[in-house]
Amino acid sequence: DQQVKQNSPSLSVQEGRISILNCDYTNSMFDYFLWYKKYPAEGPTFLISISSIKDKNEDGRFTVFLNKSAKHLSLHIVPSQPGDSAVYFCAALRQGGKLIFGQGTELSVKP
Amino acid sequence: NAGVTQTPKFQVLKTGQSMTLQCAQDMNHNSMYWYRQDPGMGLRLIYYSASEGTTDKGEVPNGYNVSRLNKREFSLRLESAAPSQTSVYFCASIFGAGYGYTFGSGTRLTVV
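Sequence positions are assigned chain by chain, starting from 1 and proceeding in written order. In the order they appear in the text, chains get letters beginning with A and ligands get numbers beginning with 1. Only residues with pLDDT of at least 70 get local features here, since the model is predicted, and only at 80 or more are side-chain atom pairs given and counted; chain-wide, interface and lining totals rely on the full set of residues. Side-chain metrics in this entry use all non-hydrogen atoms of the structure; hydrogen atoms and water are not considered.

Enquirer: I'm lost on a nonpolar patch on the surface in this one. Help?
Expert: A residue counts toward a patch only above 30% relative accessible area and without a salt bridge, and it is joined to like-charged neighbours within 9 Å or, for Val, Leu, Ile, Met, Phe, Trp and Tyr, to nonpolar neighbours within 5 Å. All accessible areas in this document rest on Shrake-Rupley with a 1.4 Å probe, and a residue is counted as covered only by the protein chains that are shown. Salt bridges are defined as contacts in which a side-chain nitrogen from Lys or Arg sits within 4 Å of a carboxyl oxygen from Asp or Glu. On the surface, A:Ile18, A:Ile20 and A:Val78 cluster together into a nonpolar patch covering about 220 Å² of accessible area. Note that A:Ile20 resides in strand β3 (residues 19-25). Each helix corresponds to a stretch of at least 4 residues labelled H or I by DSSP, and each strand to a stretch of at least 2 residues labelled E; elements are numbered beginning at the N terminus.

Now the structure itself:
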């Protein structure tokens, strides 16, 4: 059973515009949600996280929104840059537990 | 440089061969993890070790064994490799909840 789902395998946006990556989860017991960015032939790198008690966390061009009633979170990148082109993974974590990943969304930012 | 180091980076095995993937971290992290990444599947947890001396199964443990040798090192062993184990394997470590996991650069394994 897929507890964390990213239903869009790919997304293409124009440079300077907003990129919105979406993620849904089924387990209301998760304590933290995280986004990772992955370039080819590299390991995933941590991007931004949000605690389940918050609804927004911002770090520079990256903002994560959490809607607990809908069990949905999203990552906004504004403005998008060509260097943002990568695979983005949503992940969820329970206290003392393990990180569960979604399938990933490949973002392509076109100049 | 501080981080997670995985060896080897690439490996080709014949069906039935065995091998051990090595992982070491120098950040004094408590928990360590092994994931595999397959197209369209995201990263799936194989095994994890919440602390030195403990190991637990993840989502896809069959065909694998692990050893938490000490706080720094967490190895993944394939006793009898199968083509279905062709994948990219990532080791990761974490200090505590809410902190971003630190991943190694991966081991690309092909079983023929």
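Enquirer: Sorry if this is basic, but what is going on with the nonpolar core here?
Expert: One broad trend across soluble globular proteins is that nonpolar side chains are buried collectively. Residues and elements named next belong to chain A. One finds Phe33, Trp35, Leu73, Leu75 and Tyr88 to be the most contacted residues of the largest nonpolar core, which totals 24 residues. Those elements that place two or more of their residues in this core are β3, β4 (32-38), β5 (45-51), β7 (62-67), β8 (72-77), β9 (86-93) and β11 (105-110). The leading source of residues in this core is β9, at 4 residues. Look past the residues within four positions of Leu75 in its chain and what remains in contact with it is Ser19, Ile20, Leu21, Trp35, Leu47, Ile48, Phe62, Thr63 and Tyr88. Within this scheme, the nonpolar core is defined by two criteria: the residues are buried Ala, Val, Leu, Ile, Met, Phe, Trp, Tyr or Cys, and they are joined through side-chain atoms within 4.5 Å. Between buried and exposed lies partly exposed: a residue is buried under 20% and exposed over 50% of the maximum accessible area for its type, with that area taken using a 1.4 Å probe on protein chains only. Here, two residues are considered to be in contact whenever any of their heavy atoms come within 4.5 Å of each other.

Enquirer: Honestly, the interface of chain B and chain A in this entry has me stumped. Any pointers?
Expert: Accessible area lost upon the coming together of the parts is a frequently used measure of interface size. On the chain A side, the residues contacting the 19 residues of chain B number 20 residues. Here the buried area means the combined drop in accessible surface, using a 1.4 Å probe, for two parts upon being joined, counting both sides. When chain B packs against chain A, close to 1600 Å² is buried across both sides, 64% of that on carbon and sulfur atoms. Counting the contacts that link chain B with chain A gives 0 salt bridges. Polar contact is defined as a pair of N or O atoms within 3.5 Å, subject to the rule that within protein one atom must be able to donate a hydrogen and the other to accept it, and that residues adjacent in sequence are counted only when both atoms are side-chain atoms. Across the chain B-chain A interface, the total number found is 3 residue pairs in polar contact (both at pLDDT 80 or more). For the side of chain B that touches chain A, the secondary-structure elements that each account for two or more residues are β4 (31-38) and β5 (42-49) of chain B. Considering each element in turn, the side of chain B that touches chain A owes the most residues, 4 residues, to β5(B).

Enquirer: What is the right way to look at the packing of aromatic side chains in this model?
Expert: In this description, a pair of aromatic rings is defined by centroid distance and the angle of the planes. Here is the rule: rings of Phe, Tyr and Trp (six-membered ring for Trp) pair when centre to centre is within 6.5 Å. Planes less than 30 degrees apart are stacked, more than 60 are edge-to-face, and the remainder are tilted. Taken as a whole and judged by the stated rule, the model has 16 aromatic pairs over all chains. With a centroid separation of 5.5 Å and 85 degrees between ring planes, the pair formed by A:Tyr36 and B:Phe103 is classed as edge-to-face. Of the two residues, A:Tyr36 is situated in strand β4 and B:Phe103 in strand β10 (residues 102-103); the pairing between them involves two chains. Given the relative accessible area of 0%, A:Tyr36 is considered buried. Ring centres of B:Tyr35 and B:Phe103 lie 5.9 Å apart, and the angle between their planes is 50 degrees; on these two criteria the pair is classed as tilted. Of this pair, B:Tyr35 sits in strand β4 while B:Phe103 is found in strand β10, placing the two residues 68 residues apart along the sequence.

Enquirer: Where do I start with the environment of B:Ala82 in this structure?
Expert: With respect to the helices, strands and loops of the structure, B:Ala82 is situated in the loop between β8 (74-78) and β9 (87-94). Between the C-alpha atoms of B:Ala82 and B:Val112, which are 30 residues apart in sequence, the distance is 7.8 Å.

Enquirer: When you look at the sheet that holds strand β3 (residues 19-25) of chain B in this model, what are you seeing that I'm missing?
Expert: Two orientations exist for strands paired in a sheet by backbone hydrogen bonds: parallel and antiparallel. Residues and elements named next belong to chain B. Two strands qualify as a pair provided that DSSP identifies no fewer than 2 bridges between them. Taken in spatial order, the 4 strands make up an open sheet running β1-β3-β8-β7, and their pairing is antiparallel. Of all the strands in the sheet, the pair left with one neighbour each is β1 (4-7) and β7 (64-68). On average, each strand axis in the sheet is inclined to that of its neighbour by 15 degrees, with strand direction left out of account. With 4 bridges connecting them, β1 and β3 associate as antiparallel partners. In the strand pairing of β3, Thr7 is matched with Gln22. Here the axes come from fitting lines to C-alpha atoms, over the contacting stretch only for helices, and the angles between their N-to-C directions go from 0 to 180 degrees.

Enquirer: What should I look at first to understand the pairing of strand β6 (residues 56-59) of chain A in this one?
Expert: If a strand is regular, its side chains alternate between the two faces of the sheet. Residues and elements named next belong to chain A. Relative to β7, β6 is paired through 4 bridges, and the arrangement is antiparallel. What sits directly across from Asn57, in β7, is Val64. Linking β6 back to β7 in an antiparallel pair, the connection comprises 2 residues, with Gly60 at a positive phi of about 65 degrees.

Enquirer: Which parts of the structure should I look at to understand the state of the cysteines?
Expert: One way to say it: the disulfide is the covalent bond shared by the sulfur atoms of two cysteines. The disulfide definition used here is simple: a pair of cysteine sulfur atoms within 2.5 Å. Per the counting criterion, the structure on display carries 2 disulfides over all chains. Linked covalently through their sulfurs, A:Cys23 and A:Cys90 form a disulfide whose S-S length is 2.0 Å. Disulfide A:Cys23-A:Cys90: the torsion about the S-S bond is -70 degrees, which places it as left-handed. Of this pair, A:Cys23 sits in strand β3 while A:Cys90 sits in strand β9, placing them 67 residues apart in sequence. Among the residues examined, A:Cys23 registers a relative accessible area of 0% and is labelled buried. Disulfide pairing places B:Cys23 opposite B:Cys91 at an S-S distance of 1.8 Å. Judged by the sign of its S-S torsion, about -75 degrees, the bond between B:Cys23 and B:Cys91 is left-handed.

Enquirer: Where do I start with the sheet that holds β7(A) in this structure?
Expert: Pairing within the open sheet is antiparallel, and its 5 strands lie in the order β1-β3-β8-β7-β6 (chain A). With one partner strand each, in any of the chains shown, β1 (4-5) and β6 of chain A form the two edges of the open sheet.

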